[in-house]
Amino acid sequence: MDLHNNLKFSPAFHPVAAGTDNTPYVSEILDTANFAGNELAINIGTNTDADATFTVLMEDGDESDLSDNAAVADAYLLGTEAEASFTYADDNESRKIGYIGPKRYIRATITPAGNGAGNIFISGMWVQGGPRVAPQS
């Protein structure tokens, strides 16, 4: 199977060190039009903070700026937000969560708690597959 011409990759979270003020990290908005599959891949660096947690929330809507955003119903997720979330103990790991809902636009938010050290690096990428038009650049 040819993955190269049938997948599209877009930035979700640009690499960033999580701050000590527990500010949420909001992804780039993804347009799901013309793709059968939409997935968020999250990369987690090393975290030496002893009690930090990072909760993932998926939102969807029909407006391109997501001004109509709502939390994605569990029935429209592949995997769970809990499985995509992580803690201080999940050094150098990856997480994923998929979307199969009816809305055109999606985004994710990672919300830290207890991240006093602020030294974990996070990045993420949107992966889309099953394009109506191929090849994808």
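Residues numbered from 1 in each chain as written. Predicted model: local features only at pLDDT ≥ 70, side-chain atom pairs only at ≥ 80, totals over all residues. Heavy atoms only, no water.

## Examining the pattern of salt bridges
Rule in force here: Here, a salt bridge means any Lys or Arg side-chain nitrogen found within 4 Å of an Asp or Glu carboxyl oxygen. Secondary structure is summarised from DSSP: a helix means a run of H or I of at least four residues, a strand means a run of E of at least two, and numbering begins at the N terminus for each. Buried means the residue's accessible area, taken with a 1.4 Å probe over protein chains only, is under 20% of the maximum for its type, while exposed means over 50%, and partly exposed covers the values in between.
The tally for this structure, following the rule as stated, stands at five salt bridges. With a shortest N-O distance of 2.8 Å, Asp 31 and Arg 104 are connected by a salt bridge. Taken together, the residues span a long stretch of sequence, with Asp 31 in strand β3 (residues 30–31) and Arg 104 in the loop between β9 (94–99) and β10 (105–113) at a distance of 73 residues. Taking relative accessible area as the criterion, Asp 31 reaches 29% and is therefore assigned partly exposed. Its salt-bridge partner being Asp 62, residue Lys 103 comes within 3.3 Å of it at the nearest N-O pair. Remark: Asp 62 occurs in the loop between β5 (53–61) and β6 (70–71) and Lys 103 occurs in the loop between β9 and β10; sequence separation between them is 41 residues. We classify Lys 103 as partly exposed; its relative accessible area is 31%. Each of the salt bridges in this network shares a partner with another, and the network as a whole consists of Asp 90, Glu 93 and Arg 95.

## Here's the deal with the packing of aromatic side chains
In plain terms, the rule: Here is the rule: rings of Phe, Tyr and Trp (six-membered ring for Trp) pair when centre to centre is within 6.5 Å. Planes less than 30 degrees apart are stacked, more than 60 are edge-to-face, and the remainder are tilted.
Considering all chains together, one arrives at one aromatic pair under this definition. With a centroid separation of 4.8 Å and 10° between ring planes, the pair formed by Phe 54 and Phe 86 is classed as stacked. On the criterion of sequence distance, the pair formed by Phe 54 in strand β5 and Phe 86 in strand β8 (residues 86–87) is long-range, its members being 32 residues apart. With relative accessibility at 1%, the residue Phe 54 sits in the buried group.

## Describing the nonpolar core
Selection rule: Here, the term nonpolar core denotes a set of buried Ala, Val, Leu, Ile, Met, Phe, Trp, Tyr and Cys residues that are joined through side-chain atoms within 4.5 Å. By the convention used here, residues are in contact when the closest approach between their heavy atoms is within 4.5 Å.
Ranked by size, the top nonpolar core spans 24 residues in total, and within it Leu 40, Ile 42, Phe 54, Met 58, Phe 86, Ile 110 and Trp 126 carry the most contacts. Of all elements in the fold, only β1 (7–17), β4 (35–44), β5, β9, β10 and β11 (121–131) reach the threshold of two or more residues within this core. In contact with Leu 40, not counting residues within four places along its chain, are Ala 12, Phe 13, Met 58, Arg 95, Lys 96, Ile 97, Ala 108, Met 125 and Trp 126.

Read these as spatial facts, not as claims about activity.
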